[in-house]
Amino acid sequence: MSMEQMIRSLREQMEQRISKIDSRETLSAFWQDYLGKKGSIADLMKGLGSVSKEERPAMGKVINEFKVQTEERYKAMSEKLEQLEIQARNRREAVDITLPGKKQPMGGLHPLTLVKNEIIGVFAGMGFEVFEGPEIEDDDHNFTRLNVPKDHPSRDMQDTFYLPDDLLLRTQTSGGQIRVMDQQKPPIKVLVPGRVFRSDSDATHSPMFHQMEGLVVDKGITLCDLQGLLDKFVQQLFDANVRTRLRPSYFPFTEPSVEVDVSCFECAGKGCALCKHTGWIEVLGGGVVHPKVLENCGIDPSVYSGIAFGIGIERIAMLKYGINNIGLLFENDLRFLKQFQ
Ligand code: DAH
């Protein structure tokens, strides 16, 4: 077989091989066999030595053409394989945008936090600032300086958890009044939200609950200011048509002291189960700050006067949302809590 014939058959063979290539491996084997150091084209080059001088240039040209053609085939196939690989990867990694998404469940605020924030929102609109005192309080702030001396019978109004060293779990946020007046001089307008503790537990009482104290001290503050303030408060919290009613009461730190009722927002005062057919619902306690309390904080009661009130947050939440058992607010049953989202 002449060299030319050999090249022709090698060329045919090469075209067949390249048409069958379907992977990087077979392509790499193709390169080895034709273009590698020990491949057919290298062999042909070596064989040139035995060709006659006259024929050598023409033969060299033919071999070279074969080489160039083989390289082109190799390059084209390599690019084709690369395209196929990209297509296959795209198919593998394709995202089905019609699939429904995975929902991340969202947390929400507890109803007591919602009510607390709402109360703060109403009073903040009237210029009140928020102050927070300690949950472990001393006897002095929780009782004595609030005009509840040791061994005074009014201490029995609250079942206190006592701690050693004259400390206790605060039974009311009222001690915050003392802490504020120790730090600030009038005019004062503060809210003191917080957790309070009493040894008491039934359908409407929990040993831990939340209060929101309010205190205003300035010149010429009277009981009328308290009623005006609370009217605005309950109208924003419950219903624009509700009114307040003050009933005489007793708290050691206020004189006069009042129990504040709102006209029933369920029945508009006609009488229903919520208001126990009285048309009124008790919502909080308050009064005119006792002169002794001002004095105990170095504020002259002949110049300044004040009003104070204490709101039970659980009670407001139960009224507002129609919750009949306080326990629901502390069990953290998601079926209950989700209703407030
Ligand atoms: N501290 C009282 C209680 O826990 C509530 C209260 C009544 C707060 C009258 C006040 C007030 O500031 O003036 O029952």
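Here we look at the overall build of the chain
Then step 1. Across its full length, the chain carries 12 helices and 10 strands.
Then step 2. At 45 Å, the chain has a C-alpha radius of gyration far larger than the 20 Å of a compact globule built from 341 residues.
Then step 3. Taking the principal axes of the C-alpha coordinates as reference, the chain spans close to 135 × 45 × 40 Å.
Then step 4. In the chain, buried positions account for 42% of the 341 residues.

Observations regarding unusual backbone geometry
Then step 1. Following Pro186, the chain continues into Pro187 via a peptide bond in cis, with omega recorded as 0°.
Then step 2. By the secondary structure assignment, Pro187 is in the loop between helix 7 (175-183) and strand 5 (188-197).
Then step 3. Cis rather than trans, the peptide bond between Glu255 and Pro256 has omega equal to -5°.
Then step 4. Of note in the backbone geometry, Asn332 takes a positive phi value of approximately 55° without being a glycine.
Then step 5. Here Asn332 lies in the loop between helix 11 (328-331) and helix 12 (334-337).

As for the sheet that holds strand 3 (residues 162-163)
For sheets, the rule is that strands pair by backbone hydrogen bonds, running either parallel or antiparallel.
Then step 1. Ordered in space as 2-4-3, the three strands form an open sheet in which the pairing is antiparallel. One side of each edge strand has no neighbouring strand; the edge strands of this open sheet are strand 2 (136-138) and strand 3.
Then step 2. Across two bridges, strand 3 lies against strand 4 (residues 167-169) in antiparallel orientation. Looking at the pairing, Leu163 lines up with Leu167 of strand 4.

Notes on the pairing of strand 6 (residues 208-218)
Then step 1. Here strand 6 lies mainly inside the structure; 10 of its 11 residues are buried.
Then step 2. With 10 bridges connecting them, strand 5 and strand 6 associate as antiparallel partners. In the sheet register, Arg195 faces strand 6, and the bridge partner there is His210.

What about a nonpolar patch on the surface?
Then step 1. Taken together, the side chains of Ile136, Leu163 and Leu167 present a nonpolar region at the surface, about 220 Å² in accessible area.
Then step 2. The residue Ile136 is located in strand 2 in this model.

Overview of the packing of aromatic side chains
Note on aromatic pairs: each is described by the distance of the centres and the angle between the planes.
Then step 1. Scanning the model with the defined rule gives eight aromatic pairs in all.
Then step 2. An angle of 20° between the planes, with centres 6.0 Å apart, marks the rings of Phe251 and Phe253 as stacked. Across the pair, exposure class does not vary: Phe251 and Phe253 are buried alike.
Then step 3. Taken together, a centroid distance of 5.2 Å and an interplanar angle of 65° make the contact between Phe336 and Phe340 edge-to-face.

Description of the packing of helix 1 (residues 3-20) against helix 3 (residues 40-47)
Then step 1. The N-to-C vectors of helix 1 and helix 3 enclose an angle of 170°; their axes lie 12 Å apart at closest approach. In this view, helix 1 runs roughly antiparallel relative to helix 3, as classed from their interaxial angle. From helix 1, Met3, Met6, Ile7 and Leu10 reach across to helix 3, where they touch Ser40, Leu44 and Gly47.

So, the pattern of salt bridges
Then step 1. The full count for this structure, using the stated rule, is 14 salt bridges.
Then step 2. Across the pair Arg335 and Asp333 runs a salt bridge, and its minimum N-O distance is 2.7 Å.
Then step 3. Take Asp333: its relative accessible area is 26%, and that puts it in the partly exposed class.
Then step 4. When salt bridges that share partners are traced, they join Arg245, Arg247, Asp261 and Glu282 into one network.

Section: helix 10 (residues 313-321)
Then step 1. Of all the positions in helix 10, only Ile313, Glu314, Ile316, Ala317, Met318 and Leu319 are classed as buried.
Then step 2. Positioned one or two residues after helix 10, Gly322 has a phi angle of 65°, which is positive.

Let's talk about the domain arrangement of the chain
Then step 1. Domain parsing of the chain yields domain 1 (3-92) and domain 2 (111-340).
Then step 2. Taking only C-alpha atoms into account, the centre of domain 1 sits 94 Å from that of domain 2.

Conventions and cut-offs
Residues numbered from 1 in each chain as written. Predicted model: local features only at pLDDT ≥ 70, side-chain atom pairs only at ≥ 80, totals over all residues. Heavy atoms only, no water. Helix = DSSP H or I, 4+ residues; strand = E, 2+ residues; numbered from the N terminus. Rg over C-alpha atoms; globule rule 2.2 N^0.38 Å. Buried < 20%, exposed > 50% of the residue type's maximum accessible area, 1.4 Å probe, protein only. Pairing = 2+ DSSP bridges. Patch = residues over 30% accessible without salt bridge, like charges linked within 9 Å, V, L, I, M, F, W, Y side chains within 5 Å. Areas by Shrake-Rupley, 256 points an atom, 1.4 Å probe, with all protein chains shown as cover. Salt bridge = Lys/Arg side-chain N within 4 Å of Asp/Glu carboxyl O. Phe/Tyr/Trp six-rings, centres within 6.5 Å; stacked < 30°, edge-to-face > 60°. Axes fitted to C-alpha atoms, helices over the stretch in contact; angles between N-to-C directions. Parallel < 35°, antiparallel > 145°, perpendicular 65-115°, else oblique. Contact = heavy atoms within 4.5 Å. Domains from an automatic or database assignment.

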